[in-house]
Amino acid sequence: MVRRAPSGTPATVALTAAGVAFTQHAYAHDPAAPSYGLEAAHVLGLPAEQVFKTLLVDTGAGLAVGVVPVAGQLDLKAMASALGVKRVTMADPAAAERSTGYVVGGISPVGQKRALPTVVDESAELFDVVYVSGGRRGLDLGLAPADLVRVTGATLADIGR
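Residues numbered from 1 in each chain as written. Predicted model: local features only at pLDDT ≥ 70, side-chain atom pairs only at ≥ 80, totals over all residues. Heavy atoms only, no water.

Undergrad: Let's hear about the overall build of the protein chain: which residues, and what values?
TA: Within the protein chain one finds 5 helices and 8 strands. Secondary structure elements of the protein chain, listed N to C terminal, follow the sequence α-β-α-β-β-α-β-α-β-β-β-α-β. Against the compact-globule benchmark of 15 Å for 161 residues, the protein chain has a radius of gyration of 15 Å, which places it among compact chains. If one aligns the C-alpha atoms of the protein chain with their principal axes, the spans along those axes are about 50 × 40 × 30 Å. For the protein chain, the accessible surface area stands at approximately 8400 Å², while carbon and sulfur atoms represent 54% of it. (Helix = DSSP H or I, 4+ residues; strand = E, 2+ residues; numbered from the N terminus. Rg over C-alpha atoms; globule rule 2.2 N^0.38 Å. Areas by Shrake-Rupley, 256 points an atom, 1.4 Å probe, with all protein chains shown as cover.)

This is the structure in structure tokens:
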């Protein structure tokens, strides 16, 4: 019996394996777009508050993941507080890529190479469906916020501004 490797990105494979219902939304990514997340929201016709970006921070003891709406920014003080550390800084992009297995602009909070502490902005609970990167530029996934939290082992906190 021949087993086929699952197709898709690590994010779609992880969601499928976890039994999470999700939708895929592919679009033609413009390399000149100044903001990957805002580009996704615009092209997909979604409110920017409902599309979330995945940002990695350095706690000094390792990396962690913050998931916030593309319409805003990550509040580093709030993120540090949510993680129970003194301070965080934005992670080096190369370190983020090595740790997650994804390229910047396509980092998904789901299906990363290593499980990292993850915090999702509590505004996600305002929606039935939120959209996150699907693991490559030009692919977003729609899923229930509760499923995003469950599959990433995240905590919810007010980390956006």
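Resuming the write-up.
Undergrad: If you had to explain the sheet that holds strand E3 (residues 63-69) to someone new, which residues and values would you point to?
TA: Whether parallel or antiparallel, the strands of a sheet pair through hydrogen bonds between backbone atoms. Pairing in this open sheet of 5 strands is mixed, and the strands run E4-E2-E3-E5-E8 from one edge to the other. The outermost strands of the open sheet, each flanked by one partner alone, are strand E4 (89-90) and strand E8 (155-157). Taken together, the 3 bridges between strand E5 (residues 118-121) and E8 define a ladder with parallel strand orientation. Bridged to aspartate 121 within E8 is alanine 157. (Pairing = 2+ DSSP bridges.)

Undergrad: For the nonpolar core, give the residues involved together with the corresponding values.
TA: Among the nonpolar cores identified, the biggest contains 24 residues, and Leu56, Val67, Val120 and Leu148 are the most heavily contacted of them. Only helix H1 (10-17), strand E2 (52-58), E3, strand E6 (130-133), strand E7 (139-143) and helix H5 (145-152) provide two or more residues apiece to this core. Filtering out sequence-adjacent residues up to four positions away, leucine 56 remains in contact with Leu63, Ala64, Val65, Met90, Ala91, Ala96, Thr100, Ile107 and Leu116. Membership of the second largest hydrophobic core comes to 11 residues, among which are Val57, Ala78, Ala80 and Ala157. (Core = buried A, V, L, I, M, F, W, Y, C linked by side-chain atoms within 4.5 Å. Buried < 20%, exposed > 50% of the residue type's maximum accessible area, 1.4 Å probe, protein only. Contact = heavy atoms within 4.5 Å.)

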